[in-house]
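Breakdown of the fold
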Amino acid sequence: MQDQPINHEGDQCTFQILFTSDVHGAFRNFNYPFVKETDDTGINKIATLMREDEDAFDGTTYILDIGDILQGNGTGVFMKDKQDEFTPFPLLEAYKKIGYDIVSLGNHEFNFGVDKMLRAFEGFEGDILCANVFKDASDTNSERTLLPRVKPYVIRSLKNGLRIAFIGVVSPNIMSWDKEKLIRAGYSADNAATITKEVMDEVRGQADVYVLMGHLHVDNELGTAGSGARDVVALNKDLTVFLGAHFHTAIDDSHPDSLLHGSVKFVENLQYAGSYGKVLITATFENGKWVVKNKAERNEQSDVKTTVITLADANKARGKVVPNDPEVDRATQEAHDFLVHYMTFARIGDMCGGNLIAPPEIVGTDRIVLESTPYVEFLGNIMIQYSGNADIAAVAINDLGINCEEGKITKSTIAKLCVYETGTVVKVELSGAQLLRWMEWSYQFYGVIMPGTIPADRKTDQGPAINPKTDLTIPYGIIKSYLLDQFWGIDYDVDLTKPVGSRIKINHFLNGKPFDVNGKYTIATSDYRESATLPTILKNEAFRSIPIDPMEDLPDGMLYLDVVEDWISKQPGQVVNRPKGGNWRFVNLGWGAERARAVEILNDPDLRAKLETPFPTAAITKEQIAGI
């Protein structure tokens, strides 16, 4: 019989958690769609930093991931065509080498279906957690069956008897984003807050420290109860710490959202292994048990200390780029070589007539949000055709750096144009009034000057973005580009001198047909917009989803990646002639000769340095350039 540990009143024990989240296929410091190395992302670089932290720490370290492993960075081919050759998924192969103890499932794990997800984890040796996805979730009288090999929680014990419960949950909104795939496999997701409480009730007394690994951001999404960390903590204030994810935001002790309900700290990472979180938890032995006394303090006396370490900061502190971890590089070399070759040399066609998006007028700005570009016409026409000739296409921008350069179109090109590998083209029917509300919602980020991002609830009471008497540039916040749509098939004006709600004027359809606010129109859009965004924009007001007839050439459905590739393959000689765009424009800006001077100043680094205004989040004014 093993001797029981002898602890004394007042003894303390500190253990360390190092965790990643939202790595999205970044198993190397390499952007596969753009076929280039990166300095500030990649799990092979994060591994170097985590090993240093583990070696420097005199105690136990747990290495964890909070989900969104299997999708992104052009790695979808490993989940579809090459899954048999690359199992486990390359990022999980890297996790094996690093020594990850536990992973908790994220929403993107379900993108490819339950069977492919489970196959991707074959050979991964750590525990997999997800407490709120199970069979018969809607039947409270049925015994709940979790996903195969997936656990609701695990308990780890240190030599001194300290017991730590790790609990995993995912956003219940996977029932919006991947509903069909889950239902087809016989699974559904439940409220993360109430399920966490059920698990806490079960493990209470079996553990001293409770670590929630929740693929959730701070606030609820889509109006779904129990889909945000605040809701979870409201029911579970005895959690020790909440390791979060999903919004790709660095949140640690220094962030205002790092303490929820005054009782539980929340920590979150950047995407693509741009950071990792470090959590130090200190327990004290009192009255015969281990307790974490000061978990909510934000000072050196705190018993729960949280820090997010970014690769960008680590590079700067060292004065050089963090080196790759050689074990991770060796373990993923075959996958890396394959994916680089696949992206670079698999020709789809050719782009003629110039780049899809020209360089910006002002260095450091994004042309795609400042004018109607050929990209929207290119993808919009494809969406309309493959949706069965919808009236309009709502084209998601997804990435501000999106482009297709003149010359050979490769798999890399398509991956850059279609950032979300599992996104599909769908069709909905809306009234003209509903369409206008959608457009107002999409164009409301202009004029938002607050740091970080647009307001989480995307309020529609923003005032004018432009004062034509003073402003010489268009201010736009640091937007979530996946929430931005532009619309093809109609001609429309955007007036930024007006508040949100009255900025958009639809002139007519591009075929000359008049627009009627009371009419009914079909819109080609993404499955994400249909299931997640439109219900929020329209506040659950009814709209109709219209099935698209399946195409023989596209057995996996209307995946953007496949649709774009299929369309290019059917052009004469696989040649794409660059379209013109130009179906919408900003009006009433009133710019004169001073605008040209503002552009000149902003394109000159020495002159630009004299401006204190954060650009492009705030407008450059006539007064500012007057003395330069």
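Predicted, not measured: the structure shown is a model, and the values here were computed from it. (Residues numbered from 1 in each chain as written. Predicted model: local features only at pLDDT ≥ 70, side-chain atom pairs only at ≥ 80, totals over all residues. Heavy atoms only, no water.)

A few points about the overall build of the chain
Per the secondary structure count, the chain includes 18 helices and 30 strands. A compact globule built from 628 residues should have a C-alpha radius of gyration of about 25 Å, and the chain, at 26 Å, falls within 12% of that. Relative to its full complement of 628 residues, the chain shows a buried share of 56%. Accessible surface, the chain as shown: approximately 25800 Å² in total, 48% of it carbon and sulfur. Each charge sign in the chain was given a centre, from 63 positive and 88 negative side chains, and these centres are 3 Å apart. (Helix = DSSP H or I, 4+ residues; strand = E, 2+ residues; numbered from the N terminus. Rg over C-alpha atoms; globule rule 2.2 N^0.38 Å. Buried < 20%, exposed > 50% of the residue type's maximum accessible area, 1.4 Å probe, protein only. Areas by Shrake-Rupley, 256 points an atom, 1.4 Å probe, with all protein chains shown as cover. Lys, Arg positive; Asp, Glu negative; His and termini not counted. Charge placed at Lys NZ, Arg CZ, Asp CG, Glu CD.)

Considerations on the sheet that holds strand β23 (residues 425-431)
Judged by pairing direction, the sheet is mixed, and its 5 strands sit side by side in the order β24-β21-β27-β23-β28 without closing on themselves. The open sheet has two edge strands, β24 (485-488) and β28 (544-546), and neither has a second partner. Strand-to-strand twist in this sheet, taken as the mean axis angle between neighbours without regard to direction, amounts to 30 degrees. Sheet topology places strand β21 (residues 392-396) next to β24; 4 bridges connect them, and they run antiparallel. Bridged to V395 within β24 is Q486. Against the sheet, helix α11 (residues 374-386) engages β21, β23, β24 and β27 (520-526), with an angle of about 125 degrees to β21. (Pairing = 2+ DSSP bridges. Axes fitted to C-alpha atoms, helices over the stretch in contact; angles between N-to-C directions. Contact = heavy atoms within 4.5 Å.)

Here we look at the pattern of salt bridges
The tally for this structure, following the rule as stated, stands at 34 salt bridges. Among the salt bridges present, the one from D127 reaches K151, with a minimum N-O distance of 2.7 Å. Taken as a pair, D127 in strand β6 (residues 127-129) and K151 in strand β9 (residues 150-151) lie far apart in primary sequence, 24 residues in all. Taking the relative accessible area as the measure of exposure, D127 reaches 14% and is therefore buried. The exposure class of K151 is partly exposed, given its relative accessible area of 36%. Across the pair R204 and D201 runs a salt bridge whose closest N-O atoms are separated by 2.8 Å. Owing to a relative accessible area of 39%, R204 belongs among the partly exposed residues under this scheme. Residues participating in the shared-partner salt-bridge network are K197, D201, R204 and D238. (Salt bridge = Lys/Arg side-chain N within 4 Å of Asp/Glu carboxyl O.)

Section: the sheet that holds strand β25 (residues 490-494)
The strand order across the open sheet formed by 3 strands is β26-β25-β30, and the pairing between neighbours is mixed. Each of the sheet's edge strands pairs with one partner strand only, and the pair in question is β26 (504-509) and β30 (584-586). Sheet twist, expressed as the mean angle between neighbouring strand axes with direction ignored, is 15 degrees. When β25 meets β30, the two strands line up parallel, connected through 3 bridges. The residue of β30 that forms the bridge with Y492 is W584. Against the sheet, helix α13 (residues 432-442) touches β25 and β26, its axis set at about 125 degrees to β26.

Points about the confidence of the model for the chain
On average, residues of the chain carry a pLDDT of 91, and 95% of them reach 70 or more. Within the model, the stretch residues 450-461 combines pLDDT values under 50 with 17 contacts to residues more than four positions away or in other chains. (pLDDT = per-residue confidence, 0-100.)

Here we look at the pairing of β21
Most of β21 is tucked away: 5 of the 5 residues are buried. Burial along β21 is two-sided: the face carrying I392, A394 and A396 and the face carrying A393 and V395 are both buried. Pairing geometry for β21 and β27, over 2 bridges, is parallel. Counted as the bridge partner of I392 is I523 from β27.

Details of the side chain of T196
By the secondary structure assignment, T196 is in helix α6 (residues 192-203). T196 has contacts with V169, L212, V232 and N236, leaving out every residue within four places of it along the chain.

Structural notes on the packing of α13 against helix α14 (residues 527-537)
One can describe the packing of α13 onto α14 by two numbers: an axis separation of 10 Å at closest approach and a directional angle of 95 degrees. By the angle between their axes, α13 is roughly perpendicular relative to α14. Here α13 contributes R437, W438 and W441 to the contact with α14, which in turn contributes R529, T533, L534 and I537. Grouping the amino acids of the contact of α13 with α14 by side-chain chemistry returns 4 nonpolar, 1 polar and 2 charged. (Parallel < 35°, antiparallel > 145°, perpendicular 65-115°, else oblique. Nonpolar A, V, L, I, M, F, W, Y, C, P; charged D, E, K, R; others polar.)

Re the packing of helix α1 (residues 43-56) against helix α8 (residues 311-318)
Relative to each other, α1 and α8 sit at 70 degrees, their axes nearing to 11 Å. The angle between the axes of α1 and α8 places the two elements in the roughly perpendicular class. The interaxial crossing formed by α1 with α8 has left-handed handedness. Within the contact between the two elements, α1 uses K45, I46, L49 and E52 and α8 uses L311, A314 and R318. Taken together, the residues of the contact of α1 with α8 sort by class into 4 nonpolar, no polar and 3 charged. (Left-handed = near helix turned anticlockwise from the far one by under 90°.)

Describing the packing of aromatic side chains
Summed over the entire model, instances satisfying the criterion amount to 28 aromatic pairs. With a centroid separation of 5.4 Å and an interplanar angle of 25 degrees, the aromatic rings of F27 and Y32 are classed as stacked. Taken together, F27, F30, Y32, F78, F86, F89, F338 and Y342 form an aromatic cluster joined through their ring pairs. Here R595 stacks its cationic end above the ring of W591, 3.9 Å away from the centre of that ring. (Phe/Tyr/Trp six-rings, centres within 6.5 Å; stacked < 30°, edge-to-face > 60°. Lys NZ or Arg CZ within 6 Å of the ring centre and 35° of its normal.)

Quick word on the nonpolar core
Residues Y375, F378, Y446 and Y492 are the most contacted members of the largest nonpolar core, which totals 69 residues. Top contributing element to this core by residue count: α11, with 8 residues. Those residues within four positions of F378 in sequence are excluded, and the remaining contacts are L356, L417, V564, W567, I568, V576 and P579. Counting 60 residues, the second-largest nonpolar core is a separate cluster that includes L92, L311, A314 and A532. (Core = buried A, V, L, I, M, F, W, Y, C linked by side-chain atoms within 4.5 Å.)

Observations concerning the side chain of T522
Position of T522 among the secondary structure elements: in strand β27. Ignoring anything within four residues of it in the chain, the contact list for T522 reads N389, A390, D391, I392, K427, V428, E429 and I546.

Concerning unusual backbone geometry
For the bond from T87 to P88, the omega torsion is 5 degrees, close enough to zero to count as cis. Relative to the helices and strands, P88 resides in the loop between β4 (61-65) and α2 (90-98). Phi angles above zero are rare outside glycine, and L222 is one such case at about 60 degrees. Note that L222 resides in the loop between β13 (209-215) and α7 (229-235). For L222, a relative accessible area of 27% corresponds to the partly exposed category. For N398, which is not glycine, the phi torsion reads 70 degrees and is therefore positive. For N398, a relative accessible area of 18% gives the class buried.

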